[in-house]
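# Summary of the model geometry
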Amino acid sequence: VASDGVKDVVIPTFIKHVEVLDGPHGHRAAGFPFTFPNSAFYASPMVYDINFDGAPDIGVTTFNGEIVWLSENGMPIFGKSIKIPHLKVKKFWYKGLKADPQDMAHTGA
């Protein structure tokens, strides 16, 4: 993430923080941890140059459907984060579906 050609470790800590550890030494990278009050992370981070400045950025998804982008120095990238709207799902959404052609549960159905 530090644009030094060495792989770093990006860790969403499940609750509140995103950590980056410097690849060669394992020390905390400058600008991290970044703290998201009242937030949690359930997925792996994304590393992508979202603002096309030549430096890798870090994308994390929060439990409330927000995708937040951080620069390599731990600062939020304004204008690139988005909030996914809530989706209403019918109570019995699965009724009427055809049987799974892959039968991953090995039920024979």
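Above this text sits the structure in question.
Residue numbers restart at each chain and count upward from 1, following the sequence in its written direction. Under the rules for a predicted model, residues below a pLDDT of 70 receive no local features and side-chain atom pairs below 80 are neither given nor counted, while totals for whole chains, interfaces and linings still include all residues. Only hydrogens and water are removed before side-chain values are computed, so all heavy atoms of the structure are retained for them.

## Brief notes about the pattern of salt bridges
Any two side chains of opposite charge can pair, on the condition that their charged atoms come close. The salt bridge criterion pairs a side-chain nitrogen of Lys or Arg with a carboxyl oxygen of Asp or Glu, the two atoms within 4 Å. Counted under the stated rule, the structure contains one salt bridge. A salt bridge links R28 to E19; its shortest N-O distance comes to 3.0 Å. Three exposure classes are used, based on accessible area relative to the maximum for each residue type with a 1.4 Å probe and protein chains only: buried under 20%, partly exposed in between, and exposed over 50%. Here R28 falls in the exposed class, since its relative accessible area comes to 52%.

## Details of the sheet that holds strand β1 (residues 9–12)
Whether parallel or antiparallel, the strands of a sheet pair through hydrogen bonds between backbone atoms. What the three strands build is an open sheet, ordered β1-β2-β3; its pairing is antiparallel. Each having just a single partner strand, β1 and β3 (34–40) make up the two edges of the open sheet. Each strand axis lies, on average, 20 degrees off the axis of its neighbour in the sheet, ignoring direction. Two strands form a pair only when DSSP identifies at least two bridges running between them. Under the DSSP-based scheme used, a helix requires at least four consecutive residues in state H or I and a strand at least two consecutive residues in state E, with every element numbered from the N terminus. In this structure, strand β2 (residues 15–21) lies alongside β3, joined through three bridges in antiparallel fashion. Counted as the bridge partner of H17 is T35 from β3. Angles shown run from 0 to 180 degrees and are taken between the N-to-C directions of axes, each axis being a line fitted to C-alpha atoms and, for helices, limited to the stretch in contact.

## Section: a nonpolar patch on the surface
By definition, no residue in a patch forms a salt bridge, and every one has over 30% relative accessible area; like charges are joined within 9 Å, nonpolar side chains (Val, Leu, Ile, Met, Phe, Trp, Tyr) within 5 Å. Using a 1.4 Å probe, the Shrake-Rupley method yields the accessible areas, and only the shown protein chains count as cover for residues. A surface patch of nonpolar side chains, amounting to about 720 Å² of accessible area, comprises L87, V89, F92, W93, Y94 and L97. Structurally, V89 can be placed in the segment after β7 (82–83).

## Let's talk about the packing of aromatic side chains
Pairing of aromatic rings covers Phe, Tyr and Trp, the last through its six-membered ring, and needs centres within 6.5 Å; plane angles under 30 degrees mean stacked, over 60 mean edge-to-face, and all others mean tilted. Following the criterion strictly, the structure yields seven aromatic pairs and no others. Note on Y48 and F52: the rings are 6.4 Å apart at their centroids and 80 degrees apart in plane angle, and the pair reads as edge-to-face. Given the relative accessible area of 45%, Y48 is considered partly exposed. Residue classification places F52 among the exposed residues on the basis of a relative accessible area of 64%.

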